[in-house]
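Close look at the chain arrangement
What follows is the residue order along each chain.
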Amino acid sequence: MTFMGDGYLLETAAAERLYDGIADLPIVDPHSHVDVDELAVNEPYADIWEVEGATDHYVWSMMRKRGVDEELITGDAANREKWDALAEIFPEIAGNPTYEWVHLDLKRRFGIDAPISAETADEIWTETKAQLEDDGMRPQALLREMNVEVVSSTDDATSRLKRHEQLAEDMDEVTVRPTWRPDAAMHVDAAGWADHVDRLGEVTDTDVSDLDGFRAALAASHAYFDERGCGASDHGVFEPVTRPVSDRRAADVYERARAGQSLSEADAGDFMAWMFDVIGELNREAGWVTQFHVGAVRDYRDALYDELGPDSGGDISTGDVEIADNIRHFCNRFDGDLDIVLYCVDPTHYPTVTTIARAYPNVSVGAAWWFNDSPHGMQNQLEYVGTVDVLSNYAGMVSDSRKLLSFGSRFEMFRRSLANSVGRMVEREQMPEAVAEDLVRRVAYDRPNSLWLD
């Protein structure tokens, strides 16, 4: 049996034909964690660990599960030692999408077909190291080679986006767009909130001593991003809160937070709700998309957080999140005139977000996120969305990746999963193949292109 050959994930002849029609379409990636410094500096990568393991907490999690010592994951061990440790356990993680992504990277970017193992570790290390010395394997060249048309970074509201300005000059073929993420300003009860607000005031040259000044600073930051090509805000909140909140109530919470007073859960929730209304109005005026990433329980494993800090692979999902009641006010306030994309990390929330999308033409279901961006997770989500909502209105794939080399592989996995799901409907005689061809093209490229770029 062929390993990840032309028929990878394609179970029917119809799926193979559909995939052929979308395989080479440009990539529009509206949500990633691409390192814009890495892109702008554009230095060659040193080795295969740097491009596959150094920043990827999916890889880290798999290594930990198979008993690899932390020194060989995020510690001070040499990259060669870390690669050897990964290669040794790699056959044992088969079935997890990380196994497929990394092999796709080797096949598509390096032309290496050998499965990763202890026996092939040295050969792969040597071959990839030699190839990475070529200018065609530098970050900017890799984006071009992967046919990335647009990639969006995720940026704090205090960012000055200097690297984006540089990249706009350096890269004609690829657009690197910022995304406005004011989460740190929204969580009024978080440690460091006041310092962050001071920083927001500094970069926007705004007096943030009162709520009016804070709102002006948010608007100035929003306009600054807009002038530099931003087209979306993004909000990573465990449980979004939207409800009517007066300026007087928000000002009271703001003033007490600035004074260092303790806040209740209701205080924090009201401030978040007030901010979402402010942000929604800014986004509506600018024509931006509003993204909600809902339900991630951050830093669940205490020992990992204490040793390594956030974004280390210790996050989980839970079904214990209220979505319907919490975003009802926002959806109704901006009904019909603000594009809203909903992502949920726990698949038990698909019925909620999908039926909300069905009720509001301006609300779309976002890509299968995080623990769900596997062939199994993506196909299940696509088939559910297509059954309950309208697949033509699906927001499209996002890489959500910190690892540049995997952008192409993640989109290939999605497009193959999409073709397979729709191909099964063709084989079951649910739609003509000509209709299916148009559908997979819309989902793979046309819809995200119109939603995120128009």
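Data block above holds the structure.
Residues numbered from 1 in each chain as written. Predicted model: local features only at pLDDT ≥ 70, side-chain atom pairs only at ≥ 80, totals over all residues. Heavy atoms only, no water.

1. Description of the packing of aromatic side chains
Note the threshold: Any two rings among Phe, Tyr and Trp, with Trp reduced to its six-membered ring, count as a pair given centres within 6.5 Å; such a pair is stacked if its planes are under 30 degrees apart, edge-to-face if over 60, and tilted if neither. Secondary structure elements are taken from DSSP: a helix is a run of H or I of four residues or more, a strand is a run of E of two residues or more, and numbering for both begins at the N terminus. Residue exposure (1.4 Å probe, protein chains only): buried if accessible area is under 20% of the type maximum, exposed if over 50%, otherwise partly exposed. Two conditions define a charge located above a ring, namely a distance within 6 Å from the ring centre to NZ of Lys or CZ of Arg, and an angle within 35 degrees of the ring normal.
Applying the stated criterion to the full structure yields 18 aromatic pairs. Where phenylalanine 214 meets phenylalanine 271, the ring centres are 5.8 Å apart and the plane angle is 35°; that geometry is what we call tilted. You can see phenylalanine 214 sitting in helix 12 (residues 211-227) and its partner phenylalanine 271 sitting in helix 14 (residues 265-286), a full 57 residues away along the chain. Phenylalanine 271 gets classed as buried once you look at its relative accessible area, which sits at 0%. With a centroid separation of 6.3 Å and 25° between ring planes, the pair formed by tyrosine 254 and phenylalanine 271 is classed as stacked. Taken together, the residues tyrosine 254 in helix 13 (residues 247-258) and phenylalanine 271 in helix 14 connect sequence positions 17 residues apart. Clustering of aromatic rings is evident, with ring pairs tying together Trp193, Phe214, Tyr254, Phe271 and Trp274. Lying over the aromatic face of tyrosine 224, arginine 160 brings its terminal NZ or CZ to 3.8 Å of the ring centre. Here the guanidinium or amino end of arginine 228 rests over the ring plane of tyrosine 224, the centre of that ring lying 3.6 Å away.

2. A few points about the side chain of histidine 222
Counted only if it meets this: In this analysis, two residues are considered to be in contact whenever any of their non-hydrogen atoms come within 4.5 Å of each other.
Mapped onto the elements of the fold, histidine 222 is located in helix 12. Owing to a relative accessible area of 4%, histidine 222 belongs among the buried residues under this scheme. Histidine 222 has contacts with Trp180, Leu282, Asn283, Ala286 and Trp288, leaving out every residue within four places of it along the chain.

3. Overview of the environment of alanine 121
Within the element layout of this structure, alanine 121 appears in helix 7 (residues 121-131). A sequence separation of 182 residues divides alanine 121 from alanine 303, and the C-alpha atoms of the two residues are 31 Å apart.

4. Structural notes on the pattern of salt bridges
Short version of the rule: By salt bridge we mean one thing: a side-chain nitrogen of Lys or Arg within 4 Å of a carboxyl oxygen of Asp or Glu.
Tallied over the entire structure, the rule returns 38 salt bridges. The salt bridge involving glutamate 92 is made with arginine 66; its shortest N-O contact spans 2.7 Å. A residue pair is termed long-range when its members are at least 10 positions apart, and glutamate 92 in the loop between helix 5 (79-89) and helix 6 (97-110) and arginine 66 in the loop between helix 4 (57-65) and helix 5 qualify at 26 residues. One salt bridge connects aspartate 267 with arginine 249, and the closest N-O pair in it is separated by 2.8 Å. Residue aspartate 267 is found in helix 14, and its partner arginine 249 is found in helix 13; the two are separated by 18 residues along the sequence. Linked through salt bridges whose partners overlap, the residues forming this network are Arg243, Arg249, Asp252, Arg256, Asp267 and Asp270.

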